[in-house]
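Each chain, letter by letter, is given below.
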Amino acid sequence: MLNIARLKSAPEIFYSLQGEGTRSGTPAVFLRLAGCNLACKWCDTKHSWGNGILCSTKDVAAHILDYQCDSLVITGGEPLLQQAALTRLLRLLPDSMHVEIETNGTIAPTPALEQRVNQWNISPKLPHAGNPHEKTHQPGVLAHFATLPHAWFKFVVQSEADWPAIAALGLPPQRIILMPCATTRAALEAARPAVVDMCLRHRVRLGDRLHLTLWDDKKGV
Ligand code: SF4
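Residues numbered from 1 in each chain as written. Predicted model: local features only at pLDDT ≥ 70, side-chain atom pairs only at ≥ 80, totals over all residues. Heavy atoms only, no water.

Engineer: What should I look at first to understand the overall build of the protein chain in this one?
Structural biologist: Along the backbone of the protein chain there are eight helices and twelve strands. Taking 17 Å as the expected radius of gyration for a compact globule of 221 residues, we find that the protein chain reaches 17 Å, a close match to that expectation. If you line up the protein chain on its principal axes, its C-alpha atoms span 45 × 35 × 30 Å. Looking at the protein chain residue by residue over its 221 residues, the buried ones come to 50%. Of all intrachain contacts in the protein chain linking residues separated by at least 6 positions in sequence, the fraction that spans at least 24 positions is 69%. When the accessible surface of the protein chain is summed, it comes to about 10000 Å², and 55% of that surface belongs to carbon and sulfur atoms. Considering the protein chain, the positive charge centre built from 22 side chains and the negative charge centre built from 19 side chains are found 2 Å apart. (Helix = DSSP H or I, 4+ residues; strand = E, 2+ residues; numbered from the N terminus. Rg over C-alpha atoms; globule rule 2.2 N^0.38 Å. Buried < 20%, exposed > 50% of the residue type's maximum accessible area, 1.4 Å probe, protein only. Contact = heavy atoms within 4.5 Å. Areas by Shrake-Rupley, 256 points an atom, 1.4 Å probe, with all protein chains shown as cover. Lys, Arg positive; Asp, Glu negative; His and termini not counted. Charge placed at Lys NZ, Arg CZ, Asp CG, Glu CD.)

Engineer: Please explain the pairing of strand β5 (residues 27-32) as it appears in this structure.
Structural biologist: The two faces of the sheet receive side chains in turn, since in a regular strand these alternate between them. The element β5 is largely enclosed, with a buried count of five among its six residues. For strand β4 (residues 13-17) and β5, the ladder comprises five bridges, and the chain directions are antiparallel. Of the residues in β5, the one forming a bridge with F14 is F30. (Pairing = 2+ DSSP bridges.)

Engineer: Could you clarify how one ought to interpret the sheet that holds β4 in this entry?
Structural biologist: With mixed pairing, the eight strands of this open sheet are ordered in space as β4-β5-β7-β8-β9-β10-β11-β12. For this open sheet the edge positions go to β4 and β12 (205-206), each flanked by a neighbour on one side alone. The pairing of strand β10 (residues 151-157) with strand β11 (residues 176-180) spans five bridges and is classified as parallel. What sits directly across from K154, in β11, is I177. Packing against the sheet, helix α7 (residues 185-202) makes contact with β10, β11 and β12, and its axis sits at approximately 150° to β11. (Axes fitted to C-alpha atoms, helices over the stretch in contact; angles between N-to-C directions.)

Engineer: I would appreciate a short explanation of the packing of aromatic side chains in the present structure.
Structural biologist: The way to describe two aromatic rings as a pair is by their centre distance and the angle between their planes. Throughout the structure, instances matching the rule amount to three aromatic pairs. Ring geometry for F14 versus F30: centroids 5.2 Å apart, planes at 10°, classification stacked. With a gap of 16 residues between them, F14 in strand β4 and F30 in strand β5 connect regions that are remote in the sequence. The exposure classification of F14 matches that of F30, with both residues buried. (Phe/Tyr/Trp six-rings, centres within 6.5 Å; stacked < 30°, edge-to-face > 60°.)

Engineer: Just to check I follow, could you spell out the site of the ligand for this structure?
Structural biologist: Every residue near the ligand is listed here: C36, L38, A39, C40, C43, T45, W49, G77, N104 and K125. Its residues placed into classes, the shell around the ligand shows six nonpolar, three polar and one charged. (Near = heavy atom within 4 Å. Nonpolar A, V, L, I, M, F, W, Y, C, P; charged D, E, K, R; others polar.)

Engineer: Hey, could you run me through the pattern of salt bridges in this one?
Structural biologist: Pairs may arise between side chains of opposite charge once their charged atoms sit close together. Applying the stated criterion to the full structure yields seven salt bridges. One salt bridge in this structure joins K154 and E20, with 2.7 Å as the shortest N-O distance. With a gap of 134 residues between them, K154 in strand β10 and E20 in the loop between β4 and β5 connect regions that are remote in the sequence. For the pair formed by K154 and E20, the shared burial category is buried. For E160, the salt bridge identified is with R201, shortest N-O distance 2.4 Å. Taken together, the residues E160 in the loop between β10 and α6 (163-167) and R201 in helix α7 connect sequence positions 41 residues apart. Residues joined in a network through salt bridges with shared partners are E20, E102, K154 and R209. (Salt bridge = Lys/Arg side-chain N within 4 Å of Asp/Glu carboxyl O.)

Engineer: Mind showing me how you'd approach α7 here?
Structural biologist: Residues spaced three or four apart along an α-helix point in a common direction, a consequence of the helix completing one turn every 3.6 residues. End to end, α7 covers 25 Å across 18 residues, agreeing with the expected 26 Å (1.5 Å per residue, within 8%). Approximately 40° is the largest bend angle found in α7, and it occurs at R192, with the proline P193 only one to four residues beyond. Close packing links the buried residues of α7 with β10, α6, β11, β12 and α8 (210-215). (Expected span 1.5 Å × (residues − 1). Bend = angle between axes of the 7 residues up to and from the residue.)

Engineer: How should I be thinking about the environment of G25 in this particular structure?
Structural biologist: With respect to the helices, strands and loops of the structure, G25 is situated in the loop between β4 and β5. Overall, the relative accessible area of 32% leaves G25 in the partly exposed class. Linking G25 and H211, residues 186 residues apart in sequence, is a C-alpha distance of 8.9 Å.

Engineer: Please explain the side chain of N121 as it appears in this structure.
Structural biologist: Within the secondary structure, N121 is located in strand β9 (residues 119-122). In this structure N121 comes out as buried when scored by relative accessible area, which is 2%. For N121, the side chain forms a polar contact with the side chain of E100, separated by 2.8 Å. A distance of 3.0 Å separates the side chain of N121 from the side chain of Q119, its partner in a polar contact. (Polar contact = N/O pair within 3.5 Å; in protein donor to acceptor, adjacent residues only side chain to side chain.)

Okay, here's the thing in structure tokens:
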């Protein structure tokens, strides 16, 4: 069984465009899992923290396949809290389906899950997210992800003051993406210029948030 985030009364599985990262703009099915091991102050998916809806992997696979889309984005919450069920789900989907997992970088993937995932979007949390340091600081997990060539590191940043904590992690700079801290279109537009400056200064990639530009803070799109 998978514990899937509840949006209104339905499990949160929907078809949209990837809004973040290197595949921004790509049509994909989204599967949002319930539960997270962190509690970021500015989390834009707090509805995923509580009890979700339990669904069989078979039903979830059928729902995903109904969209006839060859790309799947698994997000949360923290998807790696449900690795065993996720691995079972992915065995029910075609090998040709491109699978991305969004994770906060605090839990290492199992070998079985790792070998099936095409792209990892890791978003380590900085101090301004308000989590206890011991929960977010998992250098061994990040070091493992850094060995995977298809792993990208997306940081939500507020200001230049965030950079030392990012640099201290020693991640490959060509796979670092900085994203403005924003949960609405207006906040995104206000925060973007400072992040552009940071990207130019530190020679790392800018990650915009296409879904906010397109749909503002609407959920399930
Ligand atoms: S890790 Fe992600 S889902 Fe969990 S609280 Fe932080 S932003 Fe929200």
